[in-house]
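# Summary of the model geometry
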Amino acid sequence: LILAAHCCEQLNSLVLGARMRQLAAIFASFDYQMKGQEFIDQSPWPMQWMDSMEGILWSMGSLKQYELSVEPWRGSSLRNALAGRHGQALP
């Protein structure tokens, strides 16, 4: 899943990449909780615990920036978004 997420991000599919990283985090977190970081770091899969967690944080930040650029109302208050005033203060 980490490799799929990386491929999605390279193809500029940030939403799918972020979701893939979230799914990978679910599986990795179970192994981390039950067996520890060393088990994950020494597994045959091309994954390191800290790298994957940093990747998730990066991808979620990129996803939020993408959402704000495509849909500016996401950064507005509900009242301003409903009134159509994105990023502007109320009178």
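None of these values were measured; they are calculated from a predicted model.

On to the overall build of the protein. Each helix and strand in the protein was counted, giving 5 helices and 0 strands. Reading the secondary structure of the protein in the N-to-C direction produces α-α-α-α-α. Against the compact-globule benchmark of 12 Å for 91 residues, the protein has a radius of gyration of 18 Å, which places it well outside the compact range. Seen along its three principal axes, the alpha-carbon backbone of the protein occupies a region of about 60 × 30 × 15 Å. Buried residues in the protein amount to 26% of all 91 residues.

This part covers the packing of aromatic side chains. Per the counting criterion, the structure on display carries 1 aromatic pair. Ring geometry for Tyr32 and Trp49: centres 4.2 Å apart, planes at 5 degrees, overall stacked. Of this pair, Tyr32 sits in helix H2 (residues 14–35) while Trp49 sits in helix H4 (residues 49–70), and the two are 17 residues apart along the sequence. For Tyr32, a relative accessible area of 37% corresponds to the partly exposed category.

This part takes up helix H1 (residues 2–10). The periodicity of an α-helix, 3.6 residues per turn, causes residues three or four positions apart to be oriented the same way. Within H1, burial applies to Ile2, Ala5, Cys8 and Glu9. Down the axis, H1 shows its buried residues gathered within 120 degrees of arc, on one side only. Set apart from the buried face of H1 by more than 90 degrees, the exposed residues are Leu3 and Gln10. On its buried face, H1 sits against H2 and H4.

Looking at the largest pocket, its volume works out to about 330 Å³. If you trace the largest pocket, you find 13 residues lining it, with Leu1, Ile2, Phe27, Trp45 and Met47 closest to the centre. It is H2 that contributes the most residues to the lining of the largest pocket, 4 residues altogether. When grouped by side-chain class, the residues that make up the lining of the largest pocket number 11 nonpolar, 1 polar and 1 charged.

Turning our attention to the packing of H1 against H2. It is the contact of H1 with H2, at a shortest axis distance of 8 Å, that shows an interaxial angle of 165 degrees. Comparing the axis directions of H1 and H2 gives the class roughly antiparallel. Relative to H2, the crossing made by H1 is left-handed. Contacts from Ile2, Ala4, Ala5, His6, Cys8 and Glu9 of H1 reach H2 at Leu16, Gly17, Met20, Arg21 and Ala24. When the residues that make up the contact of H1 with H2 are grouped by side-chain class, the tally is 7 nonpolar, 2 polar and 2 charged.

Parameters and conventions
Residues numbered from 1 in each chain as written. Predicted model: local features only at pLDDT ≥ 70, side-chain atom pairs only at ≥ 80, totals over all residues. Heavy atoms only, no water. Helix = DSSP H or I, 4+ residues; strand = E, 2+ residues; numbered from the N terminus. Rg over C-alpha atoms; globule rule 2.2 N^0.38 Å. Buried < 20%, exposed > 50% of the residue type's maximum accessible area, 1.4 Å probe, protein only. Phe/Tyr/Trp six-rings, centres within 6.5 Å; stacked < 30°, edge-to-face > 60°. Arc of directions from axis to C-beta. Contact = heavy atoms within 4.5 Å. 1 Å grid on protein atoms, 1.4 Å probe; cavity = no way out; pocket = protein on both sides within 12 Å on 5 of 7 lines; lining within 4 Å. Points joined across faces, edges and corners; volume = space filled by probe spheres on them. Nonpolar A, V, L, I, M, F, W, Y, C, P; charged D, E, K, R; others polar. Axes fitted to C-alpha atoms, helices over the stretch in contact; angles between N-to-C directions. Parallel < 35°, antiparallel > 145°, perpendicular 65-115°, else oblique. Left-handed = near helix turned anticlockwise from the far one by under 90°.

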